[in-house]
Protein chains: 2
Amino acid sequence: MSSFNPSAPPMPNPSSSSSSYNSSNYNSNPSYGYSPFPPGTDPEIIRSFQMVDRDNSGFIDDSELQNALSSSYHRFRLSTIRLLIFLFKNPTELSMKIRPGEFAALWSCLGQWRAIFERFDRDRSGKIDLEELRDALYSLGYAVPPSVLQLLISRYDNGGGQRVRLDFDSFVECGMVVKGLTEKFKEKDSNYTGSATITYDDFMTMVLPYLVTYN
Amino acid sequence: MSSFNPSAPPMPNPSSSSSSYNSSNYNSNPSYGYSPFPPGTDPEIIRSFQMVDRDNSGFIDDSELQNALSSSYHRFRLSTIRLLIFLFKNPTELSMKIRPGEFAALWSCLGQWRAIFERFDRDRSGKIDLEELRDALYSLGYAVPPSVLQLLISRYDNGGGQRVRLDFDSFVECGMVVKGLTEKFKEKDSNYTGSATITYDDFMTMVLPYLVTYN
């Protein structure tokens, strides 16, 4: 499993999907001269990639990724898909495409978020509310202040006056944003004082990748 | 004109649209018992609001705002619309809706961005490229480092290998993100040293409003 896993939650064990590791399936598809996946990649991940990469280009774009994930999850919003691509693609790659190793890392990361989602969706509603989100993030070591949590969740408020409840892709989006921004902040606050001195250039570079948009 | 104008570019003069100020049209529409617009609001702004607020609820949502702006601009992407609402709505209002005074401020702000867009679209292509964006931001006092500009503009890369060129709503999005984040940073760097000490809570609160999403 790739160690490049930029926004996976910190978990002691690899995701459950990697337990179906089967090295005999590595290189199983003859359409690839050699496997572009890391050794030991779950065959399900390889199949999912190949199913959407119909032209064997070796990379998939946003709508292909959306289709690839739909087989295991509900259909993710394109904004979440683009955040995932931005976080997992090679940073030197300018276009919004991901390659096999990155896809495997992304898939594994989603498996870990899924396990957390299920653990904290205590009433098995298939949705995570504000308190469950707070507890989930806290279990990962992120003590997010109530005002920040409220701001985070307000973006999913449809204005109908109901309590906001997140489905899995909104949960992943929130989790990755909190984890990603917090980890970037921690790099500048190596003594964990809760305060960091940041240059303007660093500030902008830290933040911009999380501003997702569409073409 | 409202002074609440969170992300308008700093310009010496009000936008050209306010030159059509006509106080006799204030309160001209009898469907409102009193005008919820600030005194002196351009009648075109009032008409645009009322045209989309068909139920006279006194506020408009994202798709209504999209329609209201379409009469004067091309159709904005919903992600830009949601960023505009988030920046201009009353911060204590949890739902994504804006009211007349906020709409007037937003409209005026867009007029100012439009003037800048036209000034820096030197080849009159209707698009702004990386250099034109850099010059436009620089003219507003924002010296954005090349790496940050590249990161900013990469989000609009469609992967086709062509040079990225921004239409008006992408330009507004970039401009508001740079202006908004820079102004927030400056609040923490009051001596303009290019470096600021920021707490984790403040960091998250500064950044999250710029992470636009969909319901």
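What counts, and at which threshold
Residues numbered from 1 in each chain as written. Chains lettered and ligands numbered in written order. Predicted model: local features only at pLDDT ≥ 70, side-chain atom pairs only at ≥ 80, totals over all residues. Heavy atoms only, no water. Axes fitted to C-alpha atoms, helices over the stretch in contact; angles between N-to-C directions. Helix = DSSP H or I, 4+ residues; strand = E, 2+ residues; numbered from the N terminus. Parallel < 35°, antiparallel > 145°, perpendicular 65-115°, else oblique. Left-handed = near helix turned anticlockwise from the far one by under 90°. Contact = heavy atoms within 4.5 Å. Phe/Tyr/Trp six-rings, centres within 6.5 Å; stacked < 30°, edge-to-face > 60°. Buried < 20%, exposed > 50% of the residue type's maximum accessible area, 1.4 Å probe, protein only. Lys NZ or Arg CZ within 6 Å of the ring centre and 35° of its normal. Salt bridge = Lys/Arg side-chain N within 4 Å of Asp/Glu carboxyl O. Polar contact = N/O pair within 3.5 Å; in protein donor to acceptor, adjacent residues only side chain to side chain. Core = buried A, V, L, I, M, F, W, Y, C linked by side-chain atoms within 4.5 Å. Least-squares fit on C-alpha atoms with pLDDT ≥ 70 in both. Pairing = 2+ DSSP bridges. Lys, Arg positive; Asp, Glu negative; His and termini not counted. pLDDT = per-residue confidence, 0-100.

### Digging into the packing of helix H1 (residues 43–52) of chain B against helix H4 (residues 100–120) of chain B
Residues and elements named next belong to chain B.
Phase 1 of the analysis: Relative orientation of the contacting elements H1 and H4 amounts to 120 degrees, with a least axis distance of 10 Å. Between H1 and H4, the crossing angle belongs to the class labelled oblique. As for how H1 packs across H4, the hand of that crossing is right-handed. Where H1 approaches H4, its residues Glu44, Ile45, Ser48 and Phe49 are matched on the opposing element by Pro100, Phe103, Ala104 and Trp107.

### Quick word on the packing of aromatic side chains
Aromatic ring pairs are described here by two measures, namely the spacing of the ring centres and the angle between the planes.
Phase 1 of the analysis: For the coordinates displayed, the defined rule picks out 23 aromatic pairs over all chains.
Phase 2 of the analysis: Summarising the aromatic geometry, the rings of Tyr73 of chain B and Phe168 of chain B are spaced 5.1 Å apart at their centres and angled 25 degrees between planes, so their arrangement reads as stacked. One end of the pair, Tyr73 of chain B, is in the loop between helix H2 (62–70) and helix H3 (78–88); the other, Phe168 of chain B, is in helix H7 (residues 168–188), with 95 residues separating them in the sequence. The same class applies to Tyr73 of chain B as to Phe168 of chain B, namely buried.
Phase 3 of the analysis: Aromatic ring contacts, followed pair by pair, group Tyr73, Phe76, Trp113, Phe117, Phe168 and Phe171 of chain A into a single cluster.
Phase 4 of the analysis: A cation sits over an aromatic face here: Arg114 of chain A above Phe168 of chain A, 4.6 Å from the ring centre.

### Some words on the pattern of salt bridges
Residue and element names in this part refer to chain B.
Phase 1 of the analysis: Evaluation of the coordinates by the stated rule reveals 20 salt bridges over all chains.
Phase 2 of the analysis: Here Asp135 makes a salt bridge to Arg122, at a shortest N to O gap of 3.5 Å. You can see Asp135 sitting in helix H5 (residues 130–139) and its partner Arg122 sitting in the loop between H4 and strand S1 (128–129), a full 13 residues away along the chain.
Phase 3 of the analysis: Across the pair Glu183 and Lys186 runs a salt bridge, and its minimum N-O distance is 3.8 Å.

### Description of the interface of chain B and chain A
Phase 1 of the analysis: Listed as interface residues are 48 residues of chain B and, on the opposing side, 48 residues of chain A.
Phase 2 of the analysis: Inspection of the region where chain B meets chain A yields zero salt bridges.
Phase 3 of the analysis: Where chain B packs against chain A, one counts seven residue pairs in polar contact (both at pLDDT 80 or more).
Phase 4 of the analysis: If you tally residues by element for the side of chain B that touches chain A, the top one is helix H8 (residues 200–207) of chain B, at seven residues.

### Details of the side chain of Thr41 of chain B
Residues and elements named next belong to chain B.
Phase 1 of the analysis: Examined against the element boundaries, Thr41 turns out to sit in the segment before H1.
Phase 2 of the analysis: Under the relative-accessibility criterion, Thr41 is labelled buried at 4%.
Phase 3 of the analysis: At 2.5 Å, the side chain of Thr41 and the backbone oxygen of Pro38 are in polar contact.

### Looking at the nonpolar core
Phase 1 of the analysis: One finds Phe203 of chain A together with Phe203 of chain B to be the most contacted residues of the largest nonpolar core, which totals 130 residues.
Phase 2 of the analysis: With residues up to four places along the chain from it excluded, the contact list for Phe203 of chain B reads Leu181, Phe185, Ile198, Phe203, Met206 and Val207 of chain A together with Ile198 of chain B.

### Comments concerning the relation of the copies chain B and chain A
Phase 1 of the analysis: The two copies are related by a screw operation: chain B maps onto chain A through 180 degrees of rotation and 0.0 Å of translation along the axis, at an RMSD of 0.0 Å. The two molecules are tied by a two-fold rotation axis, judged by turn and shift. Of the C-alpha atoms belonging to chain B, the one lying closest to the rotation axis is found on Thr197 of chain B, 2.0 Å away.
Phase 2 of the analysis: Both copies present the same face, since 100% of the interface residues in chain B are matched by interface residues at the equivalent positions in chain A.

### Focus on the pairing of strand S3 (residues 195–199) of chain A
Phase 1 of the analysis: Alternating residues of S3 of chain A divide into Ala196 and Ile198 of chain A, all buried, and Ser195, Thr197 and Thr199 of chain A, none buried.
Phase 2 of the analysis: For S3 of chain A and strand S3 (residues 195–199) of chain B, the ladder comprises five bridges, and the chain directions are antiparallel. If you follow Ser195 of chain A over to S3 of chain B, its bridge partner there is Thr199 of chain B.

### As for the side chain of Asp121 of chain B
Residues and elements named next belong to chain B.
Phase 1 of the analysis: Relative to the helices and strands, Asp121 is located in the loop between H4 and S1.
Phase 2 of the analysis: For the buried Asp121, no salt bridge is present, and the opposite-charge side chain at shortest range is Arg124, 5.1 Å distant.
Phase 3 of the analysis: Of the polar contacts made by the side chain of Asp121, one reaches the backbone nitrogen of Ser125; its length is 3.0 Å.
Phase 4 of the analysis: Ignoring any residue separated from it by four or fewer positions in sequence, one finds Asp121 in contact with Gly126, Lys127, Ile128 and Glu132.

### Details of the environment of Ile98 of chain B
Residue and element names in this part refer to chain B.
Phase 1 of the analysis: Relative to the assigned elements, Ile98 resides in the loop between H3 and H4.
Phase 2 of the analysis: Placed 13 residues apart in sequence, Ile98 and Ile85 show a C-alpha to C-alpha distance of 6.4 Å.
Phase 3 of the analysis: Beyond its immediate stretch of four places on either side in the chain, Ile98 contacts Phe49, Gly58, Phe59, Ile60, Leu65, Ile85, Phe88, Lys89, Phe103 and Leu106.

### Some thoughts on H3 of chain B
Phase 1 of the analysis: In terms of burial, H3 of chain B is largely enclosed, as 10 of its 11 residues are buried.
Phase 2 of the analysis: For H3 of chain B, the complete set of buried residues consists of Ser79, Thr80, Ile81, Arg82, Leu83, Leu84, Ile85, Phe86, Leu87 and Phe88 of chain B.
Phase 3 of the analysis: Summarising the contacts, the buried residues of H3 of chain B are in contact with helix H6 (146–154) of chain A together with H2, H4 and H7 of chain B.

### Notes on helix H1 (residues 43–52) of chain A
Residues and elements named next belong to chain A.
Phase 1 of the analysis: For H1, a buried count of seven out of 10 residues is recorded, marking the element as mostly surrounded by other parts of the structure.
Phase 2 of the analysis: Residues of H1 that are buried: Pro43, Ile45, Ile46, Ser48, Phe49, Gln50 and Val52.
Phase 3 of the analysis: Looking at the buried side of H1, the elements it contacts are helix H2 (62–70) and helix H4 (100–120).
Phase 4 of the analysis: Its side-chain oxygen placed 2.9 Å from the backbone nitrogen of Glu44, Asp42 serves as the N-cap of H1.

### Thoughts on the confidence of the model for chain A
Residues and elements named next belong to chain A.
Phase 1 of the analysis: Per-residue confidence for chain A averages 81 on the pLDDT scale, and 80% of its residues sit at or above 70.
Phase 2 of the analysis: Ranking the elements of chain A by mean pLDDT puts H6 last with 85 and S3 first with 96.
Phase 3 of the analysis: Confidence drops under pLDDT 50 across residues 11–32; counting only partners more than four residues distant or on other chains, this segment forms 29 contacts.

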